[in-house]
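Understanding the architecture of this molecule
Below, each chain spelled out in residue letters.
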Amino acid sequence: MGGLSRRTGPLGPETPRRLTTAELAKIASDMKLILDSSEKCRNLISDVLNAAEREDNPIVSTNLVDVFWAVALQSDGVFERQFSDRGAQTMGDIFSRTAVIELGVRNLDLPFKDVTKGARARYKRDQELLRALDAIGESIHQAGALTYNDRDLAIAYAKVKNIDRPNYGWKTQQDVLNWSMWFHSNFERDCNTQNVKR
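Here we summarise the structure given alongside this text. All figures in this text were calculated on a predicted structure; none of them were measured in a lab.

Cut-offs and rules
- Residues numbered from 1 in each chain as written.
- Predicted model: local features only at pLDDT ≥ 70, side-chain atom pairs only at ≥ 80, totals over all residues.
- Heavy atoms only, no water.
- Buried < 20%, exposed > 50% of the residue type's maximum accessible area, 1.4 Å probe, protein only.
- Helix = DSSP H or I, 4+ residues; strand = E, 2+ residues; numbered from the N terminus.
- Pairing = 2+ DSSP bridges.
- Core = buried A, V, L, I, M, F, W, Y, C linked by side-chain atoms within 4.5 Å.
- Axes fitted to C-alpha atoms, helices over the stretch in contact; angles between N-to-C directions.
- Parallel < 35°, antiparallel > 145°, perpendicular 65-115°, else oblique.
- Left-handed = near helix turned anticlockwise from the far one by under 90°.
- Contact = heavy atoms within 4.5 Å.
- Disulfide = S-S within 2.5 Å.

1. Re the pairing of strand S2 (residues 77-81)
Summarising burial for S2: five of the five residues are buried, a large majority. Of the strand pairs in this sheet, strand S1 (residues 17-18) and S2 are connected by two bridges, and their pairing is antiparallel. Bridge assignment links Arg18 to a residue of S2, and that residue is Phe79.

Okay, here's the thing in structure tokens:
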């Protein structure tokens, strides 16, 4: 969800943890796996970004793995943070070198003792892929040199899919959340982990 103030949320500042190079590489690898598993998703991303692009806010790249690395290599980069109300968020932009992606903490282990080793491994893998899907959902915002907010992406998505776009305002935090929920819920119908071999 793009557009919130830097490293703060409704509950106030929480301490994000910078992801290690190994963690970033794992997320990027899983992002690539998700994107490679669905031509429909890759084409949708390209189409939505092309529809969102403006002369004053050009596309950095339609390859979201490259965008993710561009953010990760900036001074602020990619963090993990505990959220109470969302899975992830992004702030800043690549052009001004202030881009940040914060991914929600995902528990990679089941909290139950009486679970088979295979069930634990499947659960961990599902959580890893969902974290990569969160990274895709935030990287699409950063694919604009000055970022594309949820409203930009929702309008572009509706145009590409030839469906009615919502008519939310753009003044309150609730408006921002409405655009975000509409865009991400629709986007994830087409871009998800369904086709990924586990």
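The discussion continues.
2. Describing the nonpolar core
Counting residues in hydrophobic clusters, the biggest one holds 45 residues, and the most contacted among them are Met31, Ile45, Leu49, Leu64, Phe68, Val78 and Ile140. Those elements that place two or more of their residues in this core are helix H1 (21-36), helix H2 (39-52), helix H3 (64-72), strand S4 (100-104), helix H4 (117-142), helix H5 (150-161) and helix H6 (173-190).

3. A word on the pairing of S4
Counting buried positions over the five residues of S4 gives five, a clear majority of the element. Of the two faces of S4, both are covered, the one formed by Val100, Glu102 and Gly104 as well as the one formed by Ile101 and Leu103. Bridging between S2 and S4 involves five bridges; their strand directions are parallel. Paired with Val78 across the strands is Ile101, a residue of S4. As judged from the four bridges shared by strand S3 (residues 88-91) and S4, these two strands associate in the antiparallel manner. Bridge pairing links Ala88 to Leu103 in S4.

4. Comments concerning the packing of H4 against H6
The N-to-C vectors of H4 and H6 enclose an angle of 120°; their axes lie 12 Å apart at closest approach. Of the possible angle classes, the one that applies to H4 and H6 is oblique. For the pair H4 and H6, the sense of crossing is right-handed. Taking contact as the criterion, the partners of Leu133, Ile136, Gly137, Glu138, Ile140 and His141 in H4 are, on H6, Phe183, His184, Phe187 and Glu188.

5. Some details on the state of the cysteines
Overall, the coordinates contain one disulfide when judged by the stated rule. Between the sulfur atoms of Cys41 and its disulfide partner Cys191 the distance amounts to 2.1 Å. Looking along the S-S bond of the Cys41-Cys191 disulfide, the torsion reads about 115°, which is the right-handed sense. Of this pair, Cys41 sits in helix H2 while Cys191 sits in the segment after H6; the two residues are 150 residues apart in sequence, bridging distant segments of the chain. Both residues of the pair, Cys41 and Cys191, count as buried.

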